[in-house]
Every structure is written in structure tokens, then in C-alpha cells.
Amino acid sequence: MRLIAVDMDGTLVGPDGQVSERNLAAMKSAERAGAQVVVATGRRHSYAMKVLRRLGLREEDALISSNGTVTRTIGAQLLERTLLPVETARWLCGHVEEFRDALVVTFDKVGDDGEDVRGALVVEHLAELNASIGRWVAANEPYIECVVPIEKALEGHAPIQMMLCGTVERMRRAEARLLEHPGVSAVGVTPLGKDEVGRLQDIGRTMGGISPQGRAVGAEAALHRTEYPERDLSIVDILPAGCSKGSALLRLAETHGVKAEEILAIGDNWNDVSMLEVAGQAVLMGNAPEDLKAMAAERGWVMGLRHDEDGVAEAIEAVLNGLPVTR
């Protein structure tokens, strides 16, 4: 493998919020062996760096953040960025009116040091977000600005993404609501129940009808879901159409002359599906949601160890030792 793409939360990062010594050692061994190691995360760059900054990774290593809308180096050099058009963001705010209390709009306001400034995250209300992702709100307080109505934050500034957070059931409803609009497509999300699929098919949408590197015809925005059933938490990211970890990874690989079959991708959740699909070898973590495991089995992906069992290191070590990546 010439390129190894690793998700963060639930994959590289353990339940304690840290990267284990074994996982880090495996990543550095891969780099010494000539492989390029890329972290691909749903976190925005600044929030990812809170964990990655202290690991001693190479400044030139790439970090794919915000589920593929931004690629920077660990040293904060911007390589690629895709913005959500302001007009698209405006109608999306109105389209999710019922869920505005769970909405976060993210702007790419990263300085040369890789840190954000206040206003990088904009909300209308904090009560619901505190209830669902309180630790995230506390950690990001220096960057959060409350703007009412939230559309005012879009005056002259295009965001990189929008995000809805809440219970699994509520976010399934939010996702269904979003998909009622022909300008919204879905990428790498859980197959819904038969009744839900039937209703969505009636309006011309399906829950997997866009390629990892492409976009649905006429789409302006793409949905990516991250789900934690054990915490009854779901995050629905709304990105510019065509953006995903998979598409960003393929573009990065192309710049380095790496073919898709030379990529190993390791992830644990639905927002990782696009990069698992494009990689020559795909490893799904043992702590992945059960319905995603079922899909992975159908697609022939390797089932790895859990994130609290150094599943990343297990996979990388197998590759370095010339062994098949299997359980």
C-alpha cells in the first residue's frame, strides 16, 4: 500500500479521546516504509488538530477534514477547499426550519497556526446542542457565535458545511426532510426501513444513489451521516455536492501518482463509506454500527478490531508485514 487513509473518531482515536502508542507507532512505521499516511475526518481542521498536534506527525502530511470539503497539511497549508454556495446555504436554513435548534453552520476561518477564530461556528440556539453534544460545545466555545437569524452569518461569507446533531430518530427525520428537496443527495448513509425507502423513492431519491467521487444530477448539497447508536447520537453533515472523504482522497492520491488500488482505508462509520468504497483495501472497525457491518460483509470489506483494541495498528502492521488484512 502506498497510501493509508485513517478516520479519527471511533477509529484512530480511542474511547479516551487519545491515539494509542501502538496506533501512532504503526502510522510512523508505515511512513518510514514509504507509505503516505492521511488522516480523513469529519472534524474540521482546527478541532482535529487538538488531538493530532501533539503526535509529532510530519508537517507535510495531509489532513482531510470536514468530511472532504477541506484538505490541509498538518502544518496548516491549504491544499484544497470547496465552499457551500451562499444561496444554497440560505434555502437549506429554511428547509430545515423544524431542526434549526440543532443546526451549526461552519466556516473555514483557520489562521496560519491552524487555529480557528470566533465565528468559525455559528448557531441560533445552544440548548439542544448542549443536550446532545455538550462536550463538543464546551470544547469549541471560543469559536462559537450565536446569530439570530442564522442567515445573517451568510452575508458575504460562504460556509464549508452545515451540521445537524441530535438523537438517531430525530436525525433520521431531519435527513428525510432534507432529501425531499431535489437539490439534496445522500452519500454513504444507512439503508432506511422499507416504508421510508418507498417514500423517498416516490420523490426520486434513494439512500445510496451517488458515487463516492460524483454527484447526483442537479444536486447542490450532499448528506453524510455519522451515527453512534450506543449514545443515541447522530450527526448529519450537509456538504457541497460531490464532496466526500472518498472524492477528496482520490484527488489527493492522484496528485501523488497513487492509484486507487494502492490505497488502504480504515474507518468505522457511515461517513467513511465513500473512502472505503474507493480504496483497494477497506477495513471496517469492529465498533462500527451493526447495520454498517452487514453492508460491509456484503461488499467484502475486512472486519477489523475495535478502536479500543488498536484496530488501526493491527491493519497497518499486517500490511507492513506483507500479510493479508484479515481477521
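Residues numbered from 1 in each chain as written. Predicted model: local features only at pLDDT ≥ 70, side-chain atom pairs only at ≥ 80, totals over all residues. Heavy atoms only, no water.

Trainee: Residues and numbers for the nonpolar core, please.
Mentor: Counting residues in hydrophobic clusters, the biggest one holds 32 residues, and the most contacted among them are Ile 4, Leu 12, Leu 52, Ile 266 and Ile 316. Only strand S1 (3-6), helix H1 (21-32), strand S2 (36-40), helix H2 (45-52), strand S13 (263-267) and helix H10 (311-320) provide two or more residues apiece to this core. Those residues in contact with Ile 316, other than ones at most four positions away along the chain, are Ile 4, Ala 26, Met 27, Ala 30 and Ile 266. Phe 107, Ala 174, Leu 179 and Ala 186 belong to the second largest nonpolar core, which has 27 residues in total. (Core = buried A, V, L, I, M, F, W, Y, C linked by side-chain atoms within 4.5 Å. Buried < 20%, exposed > 50% of the residue type's maximum accessible area, 1.4 Å probe, protein only. Helix = DSSP H or I, 4+ residues; strand = E, 2+ residues; numbered from the N terminus. Contact = heavy atoms within 4.5 Å.)

Trainee: Could you give me a rundown of the confidence of the model for the protein chain, with the residues and numbers involved?
Mentor: When pLDDT is averaged across the protein chain, the result is 89; 90% of the residues are at 70 or more. Under a pLDDT of 50 for its full length, residues 190-217 has, in the predicted model, 54 contacts with residues more than four places off or in other chains. (pLDDT = per-residue confidence, 0-100.)

Trainee: Account for the pattern of salt bridges, naming residues and giving values.
Mentor: All told, the structure shown has 30 salt bridges when counted by the stated rule. Where Asp 108 meets Arg 81, a salt bridge forms, and the shortest distance between an N and an O atom there is 2.6 Å. Placement of Asp 108 in the loop between strand S6 (103-106) and strand S7 (121-123) and of Arg 81 in strand S5 (residues 78-81) is noted, with a sequence separation of 27 residues between them. Look at Asp 108 and you get buried, because its relative accessible area is 16%. Its salt-bridge partner being Arg 299, residue Glu 277 comes within 2.3 Å of it at the nearest N-O pair. Taken together, the positions of Glu 277 in helix H8 (residues 273-278) and Arg 299 in helix H9 (residues 290-299) put the pair 22 residues apart, joining distant regions of the chain. (Salt bridge = Lys/Arg side-chain N within 4 Å of Asp/Glu carboxyl O.)

Trainee: Talk me through the packing of H1 against H10; I want residue IDs and the actual numbers.
Mentor: The axes of two packed helices give the description: the angle between them and the distance between them. Close contact between H1 and H10 brings their axes to 8 Å; oriented N to C, the two are set at 30°. The orientation of H1 relative to H10 falls into the category roughly parallel. The element H1 and its partner H10 pack so that their crossing is left-handed. Between H1, through Arg 22, Asn 23, Ala 26, Met 27, Ser 29 and Ala 30, and H10, the contact on the second element is made entirely by Gly 311, Val 312, Ala 313, Glu 314, Ile 316, Glu 317 and Leu 320. (Axes fitted to C-alpha atoms, helices over the stretch in contact; angles between N-to-C directions. Parallel < 35°, antiparallel > 145°, perpendicular 65-115°, else oblique. Left-handed = near helix turned anticlockwise from the far one by under 90°.)

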